[in-house]
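Residue strings, one per chain:
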Amino acid sequence: MSHGRPLVLVLIGTALAAACGGGGSSGPPPRTIAAFSGASQTDTVLATLPNPLVVLVRENADPLAGVTVNWTAPGDGKVNSAGTATTTTGADGKASVTYQLGHIAGTQTPTAAATGVSGSPASFTITAAAGVATQIAKTAGDGGSAVITGQATYTVTARDGHDNPKQGVTIDWAATGGGGSITPAQNTTGANGTASATRTLSGTEGAHTATATASSIAGAPSVTFTTTAITAPTTAGVSLQNIAFNPDSVLIAAGGQVTWTWNDGTIIHNVTFTSTNPTPPTNCADGASGNTCARTFSAAGTYSYHCTRPGHGAMTGKVVVVP
Ligand SMILES: [Cu+2]
C-alpha cells in the first residue's frame, strides 16, 4: 500500500475491488509511466525527430489502456506540432507523439505526465545540434593597437541561422594590408563556434588589416580585422592629480624612462610598485606639488603600481614595457 495517492484513485480502486467481489481493503494497484522509446535522440535544431516519443503506462506489470497522457515541449519545441499535446494510451499501454526540436542547440527535455501515476512526468533527453552555418562575426581582437613587429590575436565565431555556435566551419585567414603575416592560414571553428589566428605586424607604423573568410558558407562571408601598429616611445609622463595617476597606463620601449610629476597641491602621494615580475625599479617616495620622480625600465613586461596614502586606494597605474 503506497501513500499519497489522490483520493479519486483510492475510490476507484475500492469500487473495482468491490465490483470484483474480492480484494478486501487493499489499495489501488500501482500504476507507472516511463519512457519506452525515442529518448536520447539527436537531431538538428528545428528538425522533427525520426522516431516518435513513446511512453508505456502499466498497472502492476500489465499495459494499461485509456490513460490520459499530457505532453509538454520545452522552449519552442513541439509535440504533435504544438507546445502541448494530450494522448491516450492504447491497448498496448503506449502513447506517443512526434517531437520537433526547438531552435536552441543543447539538451531539450520534453515530458509526458499522467495523473496519479508513479514516475510522472516521464522525460526524454533530446540533444539539439546547431543547424547549417550561415554567418561569421568578429568576436575578439579587432580595433586595437600594438607595437610594430608585435602581435594581436583575432577570433571569429561561426553560427547557424538561429545564432547557435557552429563547430567545424573552415576559416581562411589572410593578411591584407600593412605587411606582416597571420597564422594559421586556415583552421576550423571549435565546439564553441570560434576560431582564432595570430596577426604579426610588420615594422611599419599604421593600420594593419587581415581577413577571416568562411568559404563553405553560402556567400562566403568575410570579416576584416584592423590593428594599428605603433612605435613605442622611449619616454612617458604621468601626472599625479586629483588623487589619480593620469594617464593610468603608459607604454614605453624597453630601456625607456617614465617621469611622474606631482600636481595635486599639498596632497601627498607616492608611487609604490605592486608587481614583482619583472623586478620593478625603486619606489618614488611621498611628495607634494613640484616633486618629480623618473625611473628607467630595462625589462619588457607590465609594472603595476599604486599610491599607499590613506584613502588613495583607487589610485593605481601601470607601465607597459615592450621589447
Ligand atoms: Cu596618493
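The rules behind these values
Residues numbered from 1 in each chain as written. Predicted model: local features only at pLDDT ≥ 70, side-chain atom pairs only at ≥ 80, totals over all residues. Helix = DSSP H or I, 4+ residues; strand = E, 2+ residues; numbered from the N terminus. Rg over C-alpha atoms; globule rule 2.2 N^0.38 Å. Buried ≥ 20, exposed ≤ 12 C-beta atoms within 10 Å, placed from the backbone. Contact = placed C-beta atoms within 7 Å. Domains from an automatic or database assignment. Pairing = 2+ DSSP bridges. Axes fitted to C-alpha atoms, helices over the stretch in contact; angles between N-to-C directions. pLDDT = per-residue confidence, 0-100. Core = buried A, V, L, I, M, F, W, Y, C linked by C-beta atoms within 7 Å.

Engineer: Quick one: what's the story with the overall build of the protein chain, residue by residue and with numbers?
Structural biologist: Within the protein chain, the regular secondary structure consists of one helix and 31 strands. Against the 2.2 N^0.38 benchmark of 20 Å for 323 residues, the protein chain shows a C-alpha radius of gyration of 34 Å, more extended than a compact globule. Projected onto its principal axes, the C-alpha positions of the protein chain cover 105 × 55 × 25 Å. Counting across all 323 residues of the protein chain, residues that qualify as buried make up 28%. The contacts in the protein chain between residues at least 6 apart in sequence include a share of 58% that link residues at least 24 apart.

Engineer: Residue-level account of the domain arrangement of the protein chain, with values.
Structural biologist: One widely used convention gives an interface's size as the accessible area the parts lose upon coming together. By the assigned domains, the protein chain splits into domain 1 (31-129), domain 2 (133-230) and domain 3 (235-322). Between domain 1 and domain 2, the C-alpha centre-to-centre distance is 44 Å.

Engineer: Can you explain the environment of T107? Please cite residues and give values.
Structural biologist: Inspection of the secondary structure puts T107 in strand β10 (residues 106-108). Distance from T107 to Y303, taken between C-alpha atoms, is 46 Å for residues 196 residues apart in sequence. Discounting residues that sit within four places of it in the chain, T107 has contacts with T125 and T127.

Engineer: Just give me the short version of the sheet that holds strand β24 (residues 244-246), but keep the residues and values in it.
Structural biologist: By definition, the strands of a sheet pair up through backbone hydrogen bonds, in either a parallel or an antiparallel sense. Strand order across the open sheet formed by four strands is β24-β23-β26-β29, with mixed pairing between neighbours. Both outer strands of the open sheet, β24 and β29 (292-297), are each paired with one neighbouring strand and no more. Recorded for the sheet is a direction-independent mean angle of 25° between the axes of neighbouring strands. Note that strand β26 (residues 256-262) and β29 share six bridges and pair antiparallel. Counterpart to T259 in the pairing with β29 is A294.

Engineer: Can you explain the sheet that holds strand β30 (residues 301-306)? Please cite residues and give values.
Structural biologist: Spatially, β25-β31-β30-β27-β28 is the arrangement adopted by the five strands of the open sheet, whose pairing is mixed. Of all the strands in the sheet, just β25 (249-253) and β28 (284-287) have a single pairing partner and so form its edges. Ignoring which end each strand starts from, the neighbouring axes of this sheet average 25° apart. Of the pairings in the sheet, the one linking strand β27 (residues 269-273) to β30 comprises two bridges and is antiparallel in character.

Engineer: Pulling in residues and values, what's your account of the pairing of strand β5 (residues 68-72)?
Structural biologist: Across the two faces of β5 the burial differs, with V69 and W71 buried and T68, N70 and T72 not buried at all. Sheet topology note: the β5/strand β7 (residues 84-88) ladder contains five bridges and is antiparallel. Residue pairing in the sheet places T72 in a bridge with T84 of β7. Where β5 meets strand β11 (residues 111-113), three bridges bridge the pair, whose relative direction is antiparallel. Counted as the bridge partner of T72 is T111 from β11.

Engineer: Could you give me a rundown of unusual backbone geometry, with the residues and numbers involved?
Structural biologist: A cis geometry characterises the amide bond from S120 onward to P121, with omega recorded as 0°. Tracing the chain through its elements places P121 in the loop between β11 and β12 (122-123). In this structure, P278 follows N277 across a cis peptide bond, with omega equal to 5°. Structurally, P278 can be placed in the loop between β27 and β28. A positive phi angle, close to 45°, is found at N80, a residue other than glycine.

Engineer: Run through the confidence of the model for the protein chain, naming residues and quoting values.
Structural biologist: In the predicted model, the protein chain carries a mean pLDDT of 92, and the fraction of residues at 70 or more is 92%. Under a pLDDT of 50 for its full length, residues 1-25 has, in the predicted model, 17 contacts with residues more than four places off or in other chains.

Engineer: Describe the pairing of strand β17 (residues 170-177), listing the residues and the values that go with them.
Structural biologist: Note that β17 and strand β19 (residues 186-188) share three bridges and pair antiparallel. Along β19, the bridge assignment pairs T170 with T188. As judged from the five bridges shared by β17 and strand β21 (residues 206-213), these two strands associate in the antiparallel manner. Bridging from a neighbouring strand, G177 pairs with T209 of β21.

Engineer: Tell me about the nonpolar core, residues and numbers included.
Structural biologist: Counting 26 residues, the largest nonpolar core has I33, V55, V57 and V69 as the members making the most contacts within it. Secondary structure elements with two or more residues in this core: β1 (31-37), β3 (53-59), β5, β8 (94-97) and β13 (126-129). Looking at which element gives the most residues to this core, the answer is β3, with three residues. Contact partners of V57, with chain neighbours within four places excluded, come to R31, I33, L64, V67, T89, G93, A114 and V117.

Engineer: Which residues make up the environment of S222, and what values go with them?
Structural biologist: Mapped onto the elements, S222 comes out in strand β22 (residues 222-230). Placed 11 residues apart in sequence, S222 and T211 show a C-alpha to C-alpha distance of 6.5 Å. Beyond its immediate stretch of four places on either side in the chain, S222 contacts T211, A212 and T213.

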